[in-house]
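The residues making up each chain are set out below.
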Amino acid sequence: QVQLVESGGGLVQAGGSLRLSCAASGRTFSSYAMGWFRQAPGKEREFVATISRSGGYTDYADSVKGRFTISRDNAKNTVYLQMNSLKPEDTAVYYCAASVRSYGSKWSRDFPYWGQGTQVTVSA
């Protein structure tokens, strides 16, 4: 089991930046690939980014490529999502999730462990 707590959300103007953090506790953090997903009002949860257990492999949704960067610090049991050039359409609740898969996944069904989410609001 692993417990996940996100932080770093908030209100930012379009073009601005935020860095989300997700702190993990419980079982060894490096045993999990990690992912970030988001859900906007009235929409389904969607994939944002994923990172492998070691951090050597990452993947992104096309909508965030070149703007968002996922990273992890296994010594600090934390995964990050650096978000730059934010757009109003990035407004959503952002969730981090943990998977026992080695390389992560784009599919929420591969992530059995989820945080409670953090709100990101981007104003025009």
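Before reading further, recall that the structure is shown in the block above.
Note that the structure is predicted; figures quoted are calculated from it, not measured. (Residues numbered from 1 in each chain as written. Predicted model: local features only at pLDDT ≥ 70, side-chain atom pairs only at ≥ 80, totals over all residues. Heavy atoms only, no water.)

### Some points on the environment of Ser52
We apply this condition: Only DSSP runs of H or I with at least four residues qualify as helices, and only runs of E with at least two residues qualify as strands; both kinds are numbered from the N terminus onward. Only protein chains enter the accessibility calculation, which uses a 1.4 Å probe; a residue whose area is less than 20% of its type maximum is buried, one above 50% is exposed, and one in between is partly exposed.
Following the sequence through the fold, Ser52 ends up in the loop between β5 (46–51) and β6 (58–60). In this structure Ser52 comes out as buried when scored by relative accessible area, which is 2%. Sequence separation between Ser52 and Tyr103 is 51 residues; the distance between their C-alpha atoms is 4.1 Å.

### Overview of the pairing of strand β3 (residues 18–26)
Stated precisely, the cut-off is as follows: DSSP-based pairing: two strands are paired if at least 2 bridges between them are found.
Note that strand β1 (residues 2–7) and β3 share 6 bridges and pair antiparallel. Each residue of the ladder has a partner; that of Val2, found in β3, is Gly26. Summarising the sheet, β3 and strand β8 (residues 78–83) pair through 6 bridges and their orientation is antiparallel. Note on β8: the bridge partner recorded for Leu20 is Leu81.

### Concerning the side chain of Asp90
Stated formally: Each polar contact in these results corresponds to two N or O atoms within 3.5 Å; when the atoms are within protein, one needs to be able to donate a hydrogen and the other to accept it, and residues that are neighboring in sequence are counted only if both atoms are side-chain atoms. We call two residues contacting when some pair of their heavy atoms lies within 4.5 Å.
On the secondary structure map, Asp90 appears in the loop between β8 and β9 (92–99). By relative accessible area, which is 0% here, Asp90 ends up buried. A polar contact is formed between the side chain of Asp90 and the backbone nitrogen of Lys87, at a distance of 2.8 Å. Residue contacts for Asp90: discarding those within four places in its chain leaves Arg38, Arg67, Phe68, Ser85, Val120 and Val122.

### Digging into the sheet that holds β1
The condition that has to hold: The convention used is that axes are lines fitted to C-alpha atoms, helices contributing only their stretch in contact, and that angles between N-to-C directions extend from 0 to 180 degrees.
Read from one edge of the open sheet, 4 strands run β1-β3-β8-β7, paired in antiparallel fashion. Whereas interior strands pair on both sides, the edge strands pair on one side only; in this sheet they are β1 and β7 (68–73). Looking at each pair of strands side by side, their axes are set apart by 15° on average, direction ignored.

### Some remarks on the nonpolar core
Under the convention used in this document: To qualify as a nonpolar core, a set must consist of buried Ala, Val, Leu, Ile, Met, Phe, Trp, Tyr and Cys residues joined through side-chain atoms within 4.5 Å.
Grouped together as the largest cluster of nonpolar side chains are 35 residues, with contacts concentrated most on Leu4, Met34, Trp36, Leu81, Met83 and Tyr94. Elements that contribute at least two residues to this core include exactly β1, β3, β4 (33–39), β5, β7, β8, β9 and β11 (118–123).

The values reported here are purely geometric and, on their own, carry no functional implication.
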